[in-house]
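Architecture at a glance
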Amino acid sequence: FRRTPGRSRPSSCVVESMRAPDGRAGRARRRRDELRKRAEESGRDTFVDSSAPIARYFNATTTLLRQAHTYHAEGKLQDAYILYWRGATFYLERVAKHRRFSDRAVSGLKNACNRDVNAALAKLEALDKEMLARFEAEGGAHAGDAAPETPGETQATAAVDSSRDAPQGAEARQ
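So, here's what we can say about the structure. Given the structure is predicted, the values throughout are model-derived calculations rather than measurements.

1. Quick notes on the overall build of the chain
Across its full length, the chain holds seven helices and zero strands. N-terminal to C-terminal, the α/β element order of the chain is α-α-α-α-α-α-α. The proportion of buried residues among the 174 residues of the chain is 29%. Considering only intrachain contacts with a sequence separation of at least 6, the fraction spanning at least 24 residues in the chain is 80%. Accessible surface for the chain amounts to roughly 11,400 Å². Of this, 50% is attributable to carbon and sulfur atoms.

Spelled out as structure tokens, the structure:
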């Protein structure tokens, strides 16, 4: 600590800000940061093919954000948080690099998607505080210290797996 002349110790506000996050608040922040990191990675890992129509990616972003809104309305804060981050990251980091992103022909879709993403980012700020409060109330730790599955992946995986297991052709008629 650098001491100010005439002071015997640093002020309490300096000491408070220098403390390492520990206890419930620290665990809650780490849990929230873990969710954010997983969601951002999921958005970044999604491949955008520049030869595919860009409208497909605008619609995908809108669908992600719509589902996040639904989860938030249902009180599923973790799922909403993950999907808001995933949708925003996907749009800002992947869709923005599509070769047709700047075309005038898609400016209407782009403007609508920009509004949706900006609204999602505003909701994320409020949701961030709400999540921290909930995690602190829960004690900051979650069951088994394993991150819950990302929403959408479970549903999509189940749909793909069930379609593979469905009988085909003559077997289906019996």
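2. Considerations on the layout of surface pockets
Empty space among the atoms becomes apparent when a probe as large as a water molecule is rolled across them. Volume-wise, the largest pocket comes out at about 180 Å³. Lining the largest pocket are T46, A60, T63, L64, Q67, L83, R86 and F90. Within the residue set of the lining of the largest pocket, elements represented by two or more residues are α3 (54-74) and α4 (77-94). Looking at which element gives the most residues to the lining of the largest pocket, the answer is α3, with four residues. Partitioning the lining of the largest pocket into residue classes produces four nonpolar, three polar and one charged.

3. Observations regarding the side chain of T89
Looking at the element boundaries, T89 is found in helix α4. In this structure T89 comes out as buried when scored by relative accessible area, which is 6%. Look past the residues within four positions of T89 in its chain and what remains in contact with it is E40, G43, R44 and R94.

4. Comments concerning the environment of L65
Among the structural elements, L65 can be located in helix α3. L65 sits in the buried class, given a relative accessible area of 7%. Sequence separation of L65 and Y84 is 19 residues, and the distance between their C-alpha atoms is 5.8 Å.

5. A few points about helix α5 (residues 107-138)
Taking 1.5 Å per residue as the helical rise, α5 with its 32 residues ought to reach 46 Å, and the 44 Å between its terminal C-alpha atoms agrees with that figure. Where α5 is concerned, the buried positions are C113, V117, A120, L124, L127, D128, M131, L132 and F135.

6. Digging into the nonpolar core
By size, the foremost hydrophobic cluster in this structure holds 33 residues, and its most contacted members are F58, Y81, Y84, Y91, V95, L127 and M131. Those elements giving two or more residues to this core turn out to be α2 (23-45), α3, α4 and α5. With ten residues, the single largest contributor to this core is α4. Residue contacts for Y81: discarding those within four places in its chain leaves R32, L35, R36, L124, L127, D128 and M131.

Rules used throughout
- The written sequence of each chain sets the order in which its residues are numbered from 1.
- This being a predicted model, a pLDDT of at least 70 is required before a residue's local features are given, and a value of 80 or more before pairs of side-chain atoms are given or counted; all residues contribute to the totals for chains, interfaces and linings.
- To get the side-chain values, take all heavy atoms of the structure and skip hydrogens and water.
- Labels follow the DSSP assignment, with helices taken as runs of H or I lasting at least four residues and strands as runs of E lasting at least two, numbered in each case from the N terminus.
- Relative accessibility decides the category of a residue: with a 1.4 Å probe and only protein chains considered, values under 20% of the type maximum give buried, values over 50% give exposed, and everything between is partly exposed.
- Two residues qualify as a contact provided that any one of their heavy atoms is within 4.5 Å of a heavy atom in the partner residue.
- The accessible surface values rely on the Shrake-Rupley method and a 1.4 Å probe; as for residues, cover is taken only from the protein chains in view.
- In this analysis a 1.4 Å probe is tested at points of a 1 Å grid over the protein atoms alone, and where it fits but cannot get out there is a cavity; an open set with protein on both sides within 12 Å along at least five of seven lines is a pocket; lining residues have an atom within 4 Å of a point.
- Grid points are joined across faces, edges and corners, and a volume is the space filled by probe spheres set on the points.
- Amino acids are sorted into nonpolar (Ala, Val, Leu, Ile, Met, Phe, Trp, Tyr, Cys and Pro), charged (Asp, Glu, Lys and Arg) and polar (every other residue, Gly among them).
- Expected span of a helix, by definition, is 1.5 Å for each gap between consecutive residues, and there is one gap fewer than residues.
- Grouping buried Ala, Val, Leu, Ile, Met, Phe, Trp, Tyr and Cys residues that are joined through side-chain atoms within 4.5 Å yields what is termed a nonpolar core.

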